[in-house]
Structure formats: structure tokens, C-alpha cells
Amino acid sequence: MKSVFLVDDSATMLMSLKGTLEISGFKVETAPDGEAALGKLKAGLRPDLIITDINMPKLDGIGLIREARKLLRFTPILALTTESQQAKREEAKKIGATGWLVKPVGGADLVKVIKQVIPGA
Amino acid sequence: MDGDKHIPAAPWRHWFTRFTVRDMGLAALVVCALAAHALWSDTVAWTSLLWMAGGTAIGVWLGGRAAPPQFGTSARATEVVAQDIQTLRQAFAVLKQQVDATIQSSEGAVLSMMERMNRVHRNAEELRARIIEAVRRSQSLSAESLGRAGQHGQAVASLAEHEAKFEAQRAQNQDRVRAVADQVRQLTPVASLIGEISRQTNLLAINASIEAARAGREGAGFKVVAAEVRRLSTQTSEAARQITEGIALAASAIDDEMTSARAMHGDSAAHQLGEIARHIQSMSDTLGDVVPYLGELSTHMDSGMAVVTEDIINTLGDMQFQDINRQLLEQINSALSSLSDHFSQIYQLIDGQAPPPPVMLEELLSRWTENYVMHSQRVAHARAIGAEVPEPAKQDESANNLTLATAYGPRVEFF
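Residue numbers restart at each chain and count upward from 1, following the sequence in its written direction. Labels follow written order: the first chain is A, the first ligand is 1, and so on. Per-residue local features are limited, in this predicted model, to residues with pLDDT of at least 70; the limit for side-chain atom pairs, both in listing and counting, is 80 or more; totals at the level of whole chains, interfaces and linings are taken over all residues.

### Re the packing of helix H4 (residues 74-215) of chain B against helix H7 (residues 361-368) of chain B
Residue and element names in this part refer to chain B. Note on definitions: angles span 0 to 180 degrees between N-to-C directions of axes, and those axes are lines fitted to C-alpha atoms, for helices only across the stretch in contact. Helix numbering and strand numbering both begin at the N terminus, where a helix is a DSSP run of H or I of at least 4 residues and a strand a DSSP run of E of at least 2. Relative orientation of the contacting elements H4 and H7 amounts to 20 degrees, with a least axis distance of 9 Å. The pairing of H4 with H7 is recorded here as roughly parallel in orientation. Contact with H4, carried on its side by Asp-84, Thr-87, Leu-88, Gln-90, Ala-91 and Val-94, involves Leu-361, Glu-362, Leu-365 and Trp-368 of H7 and no other residues of that element. Grouping the amino acids of the contact of H4 with H7 by side-chain chemistry returns 6 nonpolar, 2 polar and 2 charged. Should an angle fall under 35 degrees it is taken as roughly parallel, and over 145 as roughly antiparallel, whereas 65 to 115 is taken as roughly perpendicular and any remaining angle as oblique. Each residue is represented by a C-beta atom placed from its backbone, and any two residues with such atoms within 7 Å are regarded as in contact. Only Asp, Glu, Lys and Arg are considered charged, only Ala, Val, Leu, Ile, Met, Phe, Trp, Tyr, Cys and Pro nonpolar, and every remaining residue, Gly among them, polar.

In C-alpha cells form, the structure reads like this:
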């Protein structure tokens, strides 16, 4: 069973995405902000995919991607956000994000995207 | 909003704050000049100047006391207020657009969720109906199979009973036939003995005829007796032959009877086995109907469940609108808060207690855009202030659908 690490400061988003992915057969871990997420990664969490929001308290998505990339060189990281600034998209790309998704993403569409980025999912 | 508490104000303040330091000073100067002229009309020319100068100083002093914190002219305050009130219309338009975007986002998502939930309900009802039909059909097939199994049981029991009876009967018949055959066979030596007696009697009759011929006329009676004995001997021999043939025929008949009995047993068993085979074939036909039915049912259940699962997944996805609305409302809340602060400063300006706000409302509006995250917020703002609407919403202007303008650039992009 492939695992997905969801990072978002919205409880609704976490619930929505967790439900979607668990129904679709993924194991899901969550964190409410970048700092908590980084803590879990430093503690040894090794998911098959990270999906992170961009605008979050404490440590934002860009900061998380930058730090996570130091720990997990090949793990795909997707940004899932309402952020529409092209500059942020470019920055995420530059620091090693795998892709950029704009909220809202339909559940079935999200599963398709995940299956594209996780080998063997 | 904290600023709302300061709105009621005394009417005299508006009149009072219209006078500036200069107005008060000049008024005092005029009063002093008139007083000097009335008192010292012959020397007013030079002393009146002193009075006027003194009046000016007093006027300045009085003006300073009448409007203690002087942070500009009333005209400037009026100008600032007028400009902000004009811009306020745009600010409200911006907020209205943002609220409209929030409402559209909510309505769209909720309608989508309701539609999906209705579809889930319909599919669940259809699956339920299929399950009920499957249960009914299974019960029917089960009852039918049980009935057939009962028939098989009866047929097998009947066959076993028949077999047991036949076996007993056959054993009894065999014993009887064997006994009869033995008895018949025991007659064979008797027949042979009769034949031997007949042969000896015939020899004796021949000898008697010879002796009767030798005795001449005295032996004529004896000759008749001898001839009669020979005739009896011939008849006895014929009887013995017939007995032997009869025994052979009886033995043959017994053999035929036993063969026939065995054949009858075989026919009956074959009949019973045929019945069982027919029942088994019937069961096989029933199972033949069941297997494709179960396959079809399974396919329908799988496809139905796939549709239900997809609808549930997409409904969960629709719940993301809450996160979008939260951000929209947070921005509206922040904008209202900044408006409240701004108009508190304006009120203080009107009250003469503060300078004009460092930021005019027009600039404040443009600062709101710095906090926008979503493209829809920028589109709503541009529409409200009559600015150029950023792409891609501009293309969708006829639909006025701000929800569609949420994305800027591809919704899904792999780097």
C-alpha cells in the first residue's frame, strides 16, 4: 500500500483529501503546517508522496519543500494550493517540487495525478 | 468593527471646526480696529495699527485655543473626506464582488455535492434492488435445488430398496431353482435305469420269442406274451427318451429363467440410474443458469459500486470549497478591519484631533491586492474598480463566473 503525506492548515482540506485517498487505497499521514510536517519527516516518516499547501502558518509550503528536498531527494512533492502567483509556482519548481495543483481538484482527478507520480500506485 | 462606536457626533463640532487660526486672528483684528476708531478717532491712524497688531496676536492666541490641535485646514479635511467617500463606493464594490465570489463558490460546491449525493442515493437504491432480487432468486434456486436433492435422495433410496428386495428375491429364486434343477437332474439316472430295463426286457422278449418258436404250437401263447413284452419294452424306451428330453428342456428353461431374472434386475437399475442422471442434468442446467446470473450480478455490483465510490470521492473533493471560502472570507474580514481603522482616522480628522490618515482609501484598496492569493480575488477587485480584468477571467466575462477564475495557469502542472 502506497503512502501519502498531506500537509494543510485547513482541517476540511485534510479530511477531504484523507477520505478521498483512503477510499482509493492509500495510506495517509497528515500534518497541520510545514513545521509539524518537517518534524515528522525528521523523525523518520518516509512517504511515497508529499502533498502540501503553500500558504500555511509557521513554515509555509515553499519552506517545507525546500527542507523536505534535503531529506528526501527522490520523493515526489506536489503543491496543492489556491495560490495563483506565477512567481510562487516558479519558485516551487526551482526548489524541487514535482508539480503544482490548483484547488479545488476533483477527487477522481487527484487520484489520477497521484497514480502518475507514484511509481506502481 | 470598532470604528462604528465613534460615528454619532455633536452638530456644533462641524460648525466650529470650519474656522481656522487665520480666520479667528483676522476677525480679532477687525474687532480691535473698530474699537480703536470709536475711542480715539483723532489718533486712530497710528494707534489703531497697534491695536490691530495686538488684536492679531490675541486672535492667533484665541484661534489656537478655539481649535487646539490644528492638523490642517478644514478644506484639506473636507477634501480628504470627499475623496475617501468617493473611493468608498469602490471599496464596497470590491467587497461585494469578493462576497459574490464566496457565494458562488459555496453554491457551486454545495449544488455539486447535492447532485452527487442524489446520484449516490439512486445508485444505492438500484444496488439494493439488485441485492433483493438476487436474494429472492437465490432462495428460489435453493428451494429448487433442495427439491431436486430430495428427489435424488428418494430415487437413490428407492433404488437401494429395490436392490435389496431384488437381491433377496433373487437369492430365494436361485435356491428354489437350484433345488428344482437338482431334483430334475436326480431323475436322469432313473430314466437311464428305465431305458436299461427296457433294453433288458426287449432282449428277454426276443429270447422268449425264440424259445416260443422252439416249443412249437405249445409255445404259441408264450409267443404272444413275448411280443406283447417287446411292445411294452419299446414303449418304455420311448418314454425314457421323452423323460430325458423333458429333463433337458426343464434345465434349459431354468437357465433361461435365471438369465431373464438377471436381465430384469439390470433393466430396473438402469431405469433408476437414468432417473438420477436426469435429475443431475436438471441440476446442472440450473447451475448453468446460476453461474452467468451471478457473473452478471457481480459485474453490475462492481460497476455500481465504482460509480458510488467515484461520487463519494468527488464529493469529498468538492468539500475543498470550504478552504477557498475561508481564504476569501479572511480577506474580506481583513479588508473590513482596515476600513474600520481608516475611518476611525477620518473621524479623528473631522474632529480635528488627528492629521489626515497616512494612507488614502484609494491606496488602501490597492494594498488589499497584496494579500490576495487567488486569481478570483484579483478578478473581483479589478471588476469592482473598473480596471482591466486579468486573464483568464476576461475571456469568461459573459458568464460572470468567478469560481472558474480561481485558477491562473494550468490547474495541474508537472514540472
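### Considering the UniProt feature "modified residue: 4-aspartylphosphate" (unreviewed entry) in chain A
Residue and element names in this part refer to chain A. Residues annotated by UniProt as "modified residue: 4-aspartylphosphate" (unreviewed entry) correspond here to Asp-53. Note that Asp-53 resides in the loop between strand S3 (49-52) and helix H3 (61-71). Exposure remark for Asp-53: the 26 C-beta atoms within 10 Å place this residue in the buried category. For Asp-53, the contacting residues outside a window of four places in its chain are Val-7, Asp-8, Asp-9, Gly-61, Leu-80 and Thr-81. UniProt positions are given in the numbering used here, feature names are shortened, and annotations may be inferred rather than shown by experiment. Burial is judged by counting the other C-beta atoms within 10 Å of a residue's own C-beta: 20 or more makes it buried, 12 or fewer makes it exposed, and any count in between marks it as partly exposed, with every C-beta position built from the backbone.

### Section: the interface of chain B and chain A
On the side of chain A, 30 residues touch chain B, which itself brings 28 residues to the contact. When residues of the side of chain B that touches chain A are assigned to their parent elements, the largest contribution, 8 residues, is made by helix H5 (residues 220-318) of chain B.

### Structural notes on the pairing of strand S4 (residues 77-81) of chain A
All names here are of chain A. Of all 5 residues that make up S4, 5 are buried, and the element is covered over most of its length. Residues Ile-77, Ala-79 and Thr-81 of S4 are buried on one face, and the alternating residues Leu-78 and Leu-80, pointing to the opposite face, are buried as well. The rule for pairing is simple: two strands pair if DSSP sees at least two bridges between them. Taken together, the 3 bridges between S3 and S4 define a ladder with parallel strand orientation. Each residue of the ladder has a partner; that of Ile-50, found in S4, is Ile-77. By definition, the crossover connecting two strands over a helix is right-handed if that path, from the first strand to the second, turns clockwise as seen with the strands pointing away from the viewer. Crossover connection from S3 via H3 to parallel S4: handedness right-handed.

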